[in-house]
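Residue-level structure breakdown
One-letter residues, chain by chain:
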Amino acid sequence: MIAAWSMYDWPEIEVHTDRLWGALRDALLEAGLDPPADRTRDDDFMHVWTAPNLLFAQTCGLPYSRFLIDQVTLIGTPHYACEGCEGPNYSSAIVVRHDSEIEKLHESVGLTVAFNEPWSQSGRGAWHRLSLVGRKKTVFGRVLKTGAHRASLRAVAAGEADICAVDAVCWALFQRYDPEPTAKLRVLEWTEKTPGLPVISHAGLSEDDRSKIQVVFEHVISNLDTPTKDSLMLSGFTRTSESDYRPLAETLAQATAEWDPLLGALSDKTSSSLG
């Protein structure tokens with residue numbers, strides 16, 4: 001079996017992620033499951049998420065709801081204790097520079113947007129908001145692919161992009177560990193809350209083992225030591241269901257249909273130098 005916990009594994013909190021993993025592994029062993037000796041750090045996320053021997057991993061809501069929902073088993077959704085999060089739901093911060101003249105989202109038309117990856121729920125959610133104000137396919141003058149939310153925020157702070165959308169947890173981590181560029185940024189607005197980043201397992205997982213893993217996550221998160229809980233901002237766990245995420249797929253499908261052609265059309269202007 002393999003297991004992963006990579007979505008918010010910043011170098012500054014890696015030691016606490018390791019402590020979380022150790023607590024999960026011990027609890028899984030006690031529950032009669034067979035976790036691996038260590039978590040995988042494979043950065044080919046889709047390969048990990050679809051692995052037939054996946055014990056658990058955290059994924060993003062967009063790839064889960066659009067591509068994985070019928071190929072994996074949903075375990076549940078962690079809670080994060082930071083601005084923009086509430087229970088198993090979270091939102092994304094749309095961020096600009098402090099000195100930007102942008103005061104409303106539609107005023108970013110024609111400017112440069114930084115985004116981490118095409119499958120990012122945060123990016124697609126922000127683009128969908130733009131489509132709701134009647135701006136489609138010609139919104140941004142340039143797109144800058146950075147490879148990471150942290151890099152997108154740094155690009156905006158450095159003036160290499162005008163705007164980006166990052167999830168609430170990444171924005172909280174950035175404020176904590178990148179204070180200098182943070183001081184140059186402000187939140188323009190928050191997207192509506194949607195189900196957060198789910199924990200998944202392989203499609204053939206039995207209902208009994210699914211229940212055991214759910215109990216493990218509930219117990220471990222509730223009993224984490226204070227420094228680890230505070231560093232990872234974990235505050236709870238909900239046994240979410242597929243029905244919680246299906247509306248998300250329908251909403252973001254529209255954004256995907258609108259913005260995939262945009263990304264293709266602007267590919268010659270796209271930079272990955274900050275990845």
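What comes next concerns the included structure. (Residues numbered from 1 in each chain as written. Predicted model: local features only at pLDDT ≥ 70, side-chain atom pairs only at ≥ 80, totals over all residues. Heavy atoms only, no water.)

Taking strand neighbours across the sheet as the criterion, the five strands line up as E8-E7-E9-E6-E10 in an open arrangement whose pairing is mixed. Across the chains shown, the open sheet's two edge strands, defined by having one partner strand only, are strand E8 (142-145) and strand E10 (185-190). Each neighbouring strand pair of the sheet contributes to a mean axis angle of 30°, computed without reference to strand direction. Relative to strand E9 (residues 163-167), strand E7 (residues 112-115) is paired through two bridges, and the arrangement is parallel. The residue of E9 that forms the bridge with valine 113 is isoleucine 163. This element, helix H5 (residues 149-157), spans strand E6 (92-97), E7, E8, E9 and E10 of the sheet and lies at about 150° to E9. Lying over the sheet, helix H6 (residues 168-177) contacts E6, E9 and E10, oriented at roughly 105° with respect to E9. (Pairing = 2+ DSSP bridges. Helix = DSSP H or I, 4+ residues; strand = E, 2+ residues; numbered from the N terminus. Axes fitted to C-alpha atoms, helices over the stretch in contact; angles between N-to-C directions. Contact = heavy atoms within 4.5 Å.)

All right, on to the environment of tyrosine 8 then. Residue placement: tyrosine 8 occurs in the loop between strand E1 (2-3) and helix H1 (14-30). Of the residues examined, tyrosine 8 reaches a relative accessible area of 8% and is grouped as buried. Each C-alpha atom, one on tyrosine 8 and one on leucine 173, is 8.8 Å from the other, the two residues being 165 residues apart in sequence. Here aspartate 167 takes part through its side chain, which lies 3.1 Å from a polar atom of the side chain of tyrosine 8. (Buried < 20%, exposed > 50% of the residue type's maximum accessible area, 1.4 Å probe, protein only. Polar contact = N/O pair within 3.5 Å; in protein donor to acceptor, adjacent residues only side chain to side chain.)

Turning our eyes to something else, we now look at the packing of H1 against helix H8 (residues 207-222). One way to put it is that H1 packs onto H8 with a least axis distance of 10 Å and a crossing angle of 135°. With respect to each other, H1 and H8 are oriented oblique. Relative to H8, the crossing made by H1 is right-handed. From H1, Leu20, Ala23, Leu24, Ala27 and Leu28 reach across to H8, where they touch Ile213, Val216, Phe217 and Val220. When grouped by side-chain class, the residues that make up the contact of H1 with H8 number nine nonpolar, no polar and no charged. (Parallel < 35°, antiparallel > 145°, perpendicular 65-115°, else oblique. Left-handed = near helix turned anticlockwise from the far one by under 90°. Nonpolar A, V, L, I, M, F, W, Y, C, P; charged D, E, K, R; others polar.)

What follows covers the nonpolar core. Ranked by size, the top nonpolar core spans 66 residues in total, and within it Tyr8, Phe56, Tyr80 and Phe217 carry the most contacts. The element contributing the most residues to this core is H6, with seven residues. In this view, phenylalanine 56 contacts Ile2, Ala3, Ala4, Trp5, Trp21, Leu24, Leu28, Val199, Ile200 and Phe217; residues no more than four positions away in its chain are not counted. Residues Leu105, Val143, Ala165 and Leu188 belong to the second largest nonpolar core, which totals 10 residues. (Core = buried A, V, L, I, M, F, W, Y, C linked by side-chain atoms within 4.5 Å.)

Turning next to the packing of aromatic side chains. What the rule picks out here adds up to nine aromatic pairs. The interplanar angle of 75° and the centroid separation of 5.3 Å between the aromatic rings of tyrosine 8 and tyrosine 80 together place this pair among those described as edge-to-face. Of the two residues, tyrosine 8 sits in the loop between E1 and H1 while tyrosine 80 sits in strand E3 (residues 72-80), which places them 72 residues apart along the sequence. Of the two residues, tyrosine 8 and tyrosine 80, both sit in the buried class. Look at tyrosine 64 and tyrosine 245: their rings are 5.1 Å apart centre to centre, the planes differ by 80°, and that puts the pair in the edge-to-face class. Of this pair, tyrosine 64 sits in helix H3 (residues 61-68) while tyrosine 245 sits in helix H10 (residues 242-265), and the two are 181 residues apart along the sequence. Look at tyrosine 64 and you get buried, because its relative accessible area is 0%. You can call tyrosine 245 buried: its relative accessible area is 0%. (Phe/Tyr/Trp six-rings, centres within 6.5 Å; stacked < 30°, edge-to-face > 60°.)

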